[in-house]
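Tertiary structure, described
Below are the chains, spelled out letter by letter.
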Amino acid sequence: MLPALNWTSPGSRRAVIMGCGQIGSSIAGILAEDGWSLHMIDLDPAAFSLLPAGMINDGHVVAIVGDGTLESDLRKSSTQDAEVFVAVSGKDARNALSAQIAKHVLQVKTVICRVNDPASKEMYEQFGIVTVSATALVTDMILRAARS
Amino acid sequence: MYVVILGAGKVGFALACWLVASDHEVAVIDWDPSRCAALEDELGGISVVGDGTDAGVLARAGCNRADIFVGASGVDEDNLIACQLARHRFGALKTISLVNIPEHEALFALLGIDVTVNATDMIGGRLREELSGAAILDLGDMR
């Protein structure tokens, strides 16, 4: 079994992000600027090209090609040592499975998951997972603008 | 009994046929309309086309009155989420799930799925029995 990855900046806050799409890469950019140490996991090596230039070379982000729905790949990404786990791949069900592994198996303190279906949100919150629904947020903002 | 099944592939199709023949009520959910059509050719109007991990689709399939929910798709995360929604949001009494990736079996049990069916390990176990008389190869090493 491969040893878990070391975090690049000892003493910094540590997060693992599953899914290097628009949202994942955007979050990574902001957290890295704030001095966080980040491990990002994605099935597709090409996804990491969305990261701001230099983030991997500068050591702000360690990119791991792997499957965030497998406990073994999450352990290889040192998820068990992360303070925050963010599941933001393109598929809600993968995010929800990944988040539950992080929360209930790897005992990560703060687990955040993107799930678009607002009706599922309540269930995941009961599981102790912070859930963000893009649909709910966008709908809310549009309605506020329309009604103002 | 009223059983809702996620997945109108080979496993879901066969389960639905058996349940109907045994006089139980069934609904089958699949995102693929042609799989649902093939099922309906055989068993009549018992399918719902849609994403079984969406609460609205599960509602349309009548999950609120399901006794048993079965995750029989080839995608573990879909089976898990559908089973969890069926139990926690719709009150299904029992959840049963196919587990396609052996590593997920213990996890699904931990997360509250009542019965998990790990086809890979079942076949591996049978193979091991069949081969036990011949030169010994530990199938655990093959993973």
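Here the structure is a predicted model, which means the values were calculated and not measured.

Quick look at the sheet that holds strand β5 (residues 110-114) of chain A now. Residues and elements named next belong to chain A. Strands sit in the order β3-β2-β1-β4-β5-β6 across an open sheet of 6 strands; the sheet is parallel. Each end of this open sheet is capped by a strand with a single partner; those strands are β3 (61-65) and β6 (130-132). On average, each strand axis in the sheet is inclined to that of its neighbour by 15 degrees, with strand direction left out of account.

Within the largest apolar cluster, 49 residues are counted, with the highest numbers of intra-cluster contacts made by F85(A), Y124(A), V4(B), I29(B) and F69(B). When near neighbours in sequence (up to four residues on either side) are disregarded, Y124(A) contacts A96(A), Q100(A), V115(A), I129(A), T131(A) and I81(B). Judged by nonpolar contacts, the second largest core, of 17 residues, contains A15(A), I17(A), L51(A) and V86(A).

With that settled, the discussion passes to the pairing of strand β6 (residues 115-118) of chain B. All names here are of chain B. Burial along β6 is one-sided: T116 and N118 are buried, and none of V115 and V117, which face the opposite way, are. For strand β5 (residues 94-99) and β6, the ladder comprises 4 bridges, and the chain directions are parallel. Its bridge partner lying in β6, V99 is registered against N118. Considered for its hand, the β-α-β crossover made up of β5, helix α5 (residues 104-110) and β6 is right-handed.

Here we come to the layout of surface pockets. Residue and element names in this part refer to chain B. Reported here for the largest pocket is a volume of approximately 290 Å³. Along its surface, the largest pocket is lined by 19 residues, and D30, W31, R35, S73 and G74 are the ones closest to its centre. Among the elements of the structure, α1 (10-21) and β2 (25-30) are those that each provide at least two residues to the lining of the largest pocket. Here the element with the most residues in the lining of the largest pocket is α1; it accounts for 3 residues.

Attention shifts here to the environment of L58(B). Counting through the fold element by element, L58(B) comes out in helix α3 (residues 55-60). Residues L58(B) and V4(B), spaced 54 residues apart in sequence, show a C-alpha to C-alpha distance of 8.8 Å.

Counting all residues, the mean pLDDT for chain B is 92, and 92% of those residues have values of 70 or more. Across the predicted assembly, pTM comes out at 0.89 and ipTM at 0.88.

Residue and element names in this part refer to chain B. Ordered by their spatial adjacency, 6 strands build an open sheet running β3-β2-β1-β4-β5-β6, and the pairing between neighbours is parallel. Both edges of this open sheet fall to β3 (47-49) and β6, since each of them pairs with a single strand only. Averaged over neighbouring strand pairs, the angle between their axes works out to 15 degrees when direction is ignored. As defined by bridge partners, strand β1 (residues 2-6) adjoins strand β4 (residues 68-71) across 4 bridges and the pair is classed as parallel. Considered in β4, the bridge of V4 is made with F69. Packing against the sheet, α1 makes contact with β1, β2, β4 and β5, and its axis sits at approximately 170 degrees to β1. Contacts between helix α4 (residues 76-88) and the sheet are confined to β1, β4 and β5, with β5 contributing the most and set at about 175 degrees to the helix.

The next subject is the interface of chain A and chain B. Counting residues at the interface gives 19 residues for chain A and 18 residues for chain B. Where chain A packs against chain B, one counts 3 salt bridges. Of the charged contacts in the structure, one is a salt bridge between E77(B) and R94(A), with a shortest N-O distance of 3.8 Å. At the surface where chain A touches chain B, the tally comes to 8 residue pairs in polar contact (both at pLDDT 80 or more). Elements with a minimum of two residues in the side of chain A that touches chain B: α2 (71-76), α3 (92-105) and α4 (118-126) of chain A. For the side of chain A that touches chain B, the element with the highest residue contribution is α3(A), accounting for 8 residues.

What counts and how
- Residues numbered from 1 in each chain as written.
- Chains lettered and ligands numbered in written order.
- Predicted model: local features only at pLDDT ≥ 70, side-chain atom pairs only at ≥ 80, totals over all residues.
- Heavy atoms only, no water.
- Pairing = 2+ DSSP bridges.
- Helix = DSSP H or I, 4+ residues; strand = E, 2+ residues; numbered from the N terminus.
- Axes fitted to C-alpha atoms, helices over the stretch in contact; angles between N-to-C directions.
- Core = buried A, V, L, I, M, F, W, Y, C linked by side-chain atoms within 4.5 Å.
- Buried < 20%, exposed > 50% of the residue type's maximum accessible area, 1.4 Å probe, protein only.
- Contact = heavy atoms within 4.5 Å.
- Right-handed = clockwise from strand over helix to strand, strands pointing away.
- 1 Å grid on protein atoms, 1.4 Å probe; cavity = no way out; pocket = protein on both sides within 12 Å on 5 of 7 lines; lining within 4 Å.
- Points joined across faces, edges and corners; volume = space filled by probe spheres on them.
- pLDDT = per-residue confidence, 0-100.
- Salt bridge = Lys/Arg side-chain N within 4 Å of Asp/Glu carboxyl O.
- Polar contact = N/O pair within 3.5 Å; in protein donor to acceptor, adjacent residues only side chain to side chain.

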